[in-house]
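# Results of the structural survey
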Amino acid sequence: MYITILDYNSDSVARIEVLEDMSKRGCEEVIIDRGFKLNNIEWMYHYDEEIYEY
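Values in this document were obtained by computation on a predicted structure and should not be read as measured data.

### Considering the overall build of the protein
The helix and strand inventory of the protein stands at one helix and three strands. Counting from the amino terminus, the protein carries its helices and strands in the arrangement β-β-α-β. Overall, the protein is about 30 × 25 × 15 Å in size when its C-alpha atoms are taken along their principal axes. Buried positions account for 28% of the 54 residues belonging to the protein.

### Observations concerning the pairing of strand β2 (residues 12-17)
Looking down a regular strand, the side chains alternate between one sheet face and the other. Where strand β1 (residues 2-7) lies against β2, six bridges are found, and the strand directions are antiparallel. Note on β2: the bridge partner recorded for Tyr2 is Glu17. Linking β1 back to β2 in an antiparallel pair, the connection comprises four residues, with Asp11 at a positive phi of about 50°.

### A look at helix α1 (residues 24-33)
Counting along an α-helix, one turn takes 3.6 residues, and residues three or four places apart therefore face a common direction. Among the residues of α1, those classed as buried are Gly26, Cys27, Val30 and Ile31. The buried residues of α1 occupy one face: seen down the axis, they fall within an arc of 140°. Opposite the packed face of α1, turned more than 90 degrees from it, sit the exposed residues Lys24, Arg25 and Asp33. Elements that come into contact with the buried residues of α1 comprise β1, β2 and β3 (41-46). Positive backbone phi, approximately 95°, marks Gly35, located one or two places after α1.

### Some words on the side chain of Asp7
Mapping Asp7 onto the fold places it in strand β1. Buried and without a salt bridge, Asp7 has Lys37 as its closest oppositely charged side chain, separated by 10 Å. A polar contact is formed between the side chain of Asp7 and the backbone nitrogen of Asn9, at a distance of 2.9 Å. Polar side-chain contacts of Asp7 include one of 3.3 Å to the side chain of Ser10.

### Looking at the confidence of the model for the protein
Here the protein shows a mean pLDDT of 91. Residues at 70 or above account for 100%. Within the protein, β1 carries the highest mean pLDDT (95), whereas β2 carries the lowest (92).

The rules behind each value
- Residues numbered from 1 in each chain as written.
- Predicted model: local features only at pLDDT ≥ 70, side-chain atom pairs only at ≥ 80, totals over all residues.
- Heavy atoms only, no water.
- Helix = DSSP H or I, 4+ residues; strand = E, 2+ residues; numbered from the N terminus.
- Buried < 20%, exposed > 50% of the residue type's maximum accessible area, 1.4 Å probe, protein only.
- Pairing = 2+ DSSP bridges.
- Arc of directions from axis to C-beta.
- Contact = heavy atoms within 4.5 Å.
- Lys, Arg positive; Asp, Glu negative; His and termini not counted.
- Salt bridge = Lys/Arg side-chain N within 4 Å of Asp/Glu carboxyl O.
- Polar contact = N/O pair within 3.5 Å; in protein donor to acceptor, adjacent residues only side chain to side chain.
- pLDDT = per-residue confidence, 0-100.

Rendered as structure tokens:
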């Protein structure tokens with residue numbers, strides 16, 4: 001399981017690996033613990049570890 005974060009403050013993409021299924025609230029807690037601010041990012045939770053570029 002992965003959380004991918006688009007950070008608008010730093011114009012970067014981060015990926016966090018998590019070891020278990022998580023609720024939306026659980027994901028947000030992990031994101032905040034990593035120092036991200038929820039109002040400055042978009043994020044998604046997914047199974048595929050690949051990041052595709054277009």
